[in-house]
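Tertiary structure, described
What follows is each chain in one-letter form.
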Amino acid sequence: RYHNKQRCLIICSRGVTARYRHLLEDLRTLIPHHKKDSKLDANKSSVGGVGKAVNDIAEVKGCNTVMFLECRKRGQDAYLWMGFTSPESAGPSVRFHVSNVHTMDELRLAGNCMKGSRP
């Protein structure tokens, strides 16, 4: 029997506004195989920077993909990083500039209806 071993770590940096926290909660409801962690507090000047810290957390949690929401300029600019973390498939990562955020409650979306039916 096939077991899905895909795990996605969803994490954000410090200084994220409430609107972006709601966005992460909506992403967590849509992704059934997520793992969450508290806010990341790593400096760019530390050894390896933010990327190494995110990869280390993903390795500890047993995740092979990461979604990292980074806020700059006191929550005005948000960037969503997505990428693979496993060392054997150190694949590409992508960075999106997040703008015009609306939550699922504002749009009156139901969310993930099949969430409770998965084993």
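Note that the structure is a prediction, hence the values are computed from the model and not measured.

**Considerations on the packing of aromatic side chains**
Tallying each qualifying case throughout the model produces 0 aromatic pairs. The ring of Tyr-79 carries Arg-95 above its face, with NZ or CZ at 4.4 Å from the centroid.

**Comments concerning unusual backbone geometry**
Of note in the backbone geometry, Asn-100 takes a positive phi value of approximately 60° without being a glycine. Residue placement: Asn-100 occurs in the loop between strand S5 (93-98) and helix H3 (104-107).

**So, the environment of Leu-69**
Topologically, Leu-69 is positioned in strand S3 (residues 65-72). Given a relative accessible area of 0%, Leu-69 falls into the buried group. When near neighbours in sequence (up to four residues on either side) are disregarded, Leu-69 contacts Ile-11, Cys-12, Ser-13, Val-16, Tyr-20, Leu-24, Ala-78, Tyr-79, Leu-80 and Val-98.

**Quick look at the pairing of strand S4 (residues 77-84)**
Of the strand pairs in this sheet, S3 and S4 are connected by 8 bridges, and their pairing is antiparallel. Bridged to Phe-68 within S4 is Trp-81. When S4 meets S5, the two strands line up antiparallel, connected through 6 bridges. By the bridge assignment for S5, Ala-78 is matched with Val-98.

**A short note on the nonpolar core**
Within soluble globular proteins, side chains that are nonpolar generally end up buried alongside one another. In terms of nonpolar packing, the biggest core is built from 16 residues, with Tyr-20, Met-67, Leu-69 and Val-98 touching the most fellow members. Mapped onto this core, the elements with two or more residues apiece are strand S1 (8-12), helix H1 (18-30), S3 and S4. With 4 residues, the single largest contributor to this core is H1. Core analysis: the next-biggest nonpolar cluster, separate from the first, contains 10 residues, Leu-9, Ile-11, Ala-53 and Val-54 among them.

**Some details on the pairing of S1**
Among the 5 residues of S1, 5 are classified as buried, and the element is accordingly described as predominantly covered. Neither face of S1 is left uncovered, since the one carrying Cys-8, Ile-10 and Cys-12 and the one carrying Leu-9 and Ile-11 both have all their residues buried. In the sheet, S1 pairs with strand S2 (residues 34-36) via 3 bridges, with the strands oriented parallel. Note on S2: the bridge partner recorded for Ile-10 is Lys-36. Two strands pair when backbone bridges link them, and S1 and S3 are joined in this way by 5 bridges, in the parallel orientation. Among the inter-strand pairings, Ile-10 is bridged to a residue of S3, identified as Met-67.

Criteria and cut-off values
Residues numbered from 1 in each chain as written. Predicted model: local features only at pLDDT ≥ 70, side-chain atom pairs only at ≥ 80, totals over all residues. Heavy atoms only, no water. Phe/Tyr/Trp six-rings, centres within 6.5 Å; stacked < 30°, edge-to-face > 60°. Lys NZ or Arg CZ within 6 Å of the ring centre and 35° of its normal. Helix = DSSP H or I, 4+ residues; strand = E, 2+ residues; numbered from the N terminus. Buried < 20%, exposed > 50% of the residue type's maximum accessible area, 1.4 Å probe, protein only. Contact = heavy atoms within 4.5 Å. Pairing = 2+ DSSP bridges. Core = buried A, V, L, I, M, F, W, Y, C linked by side-chain atoms within 4.5 Å.

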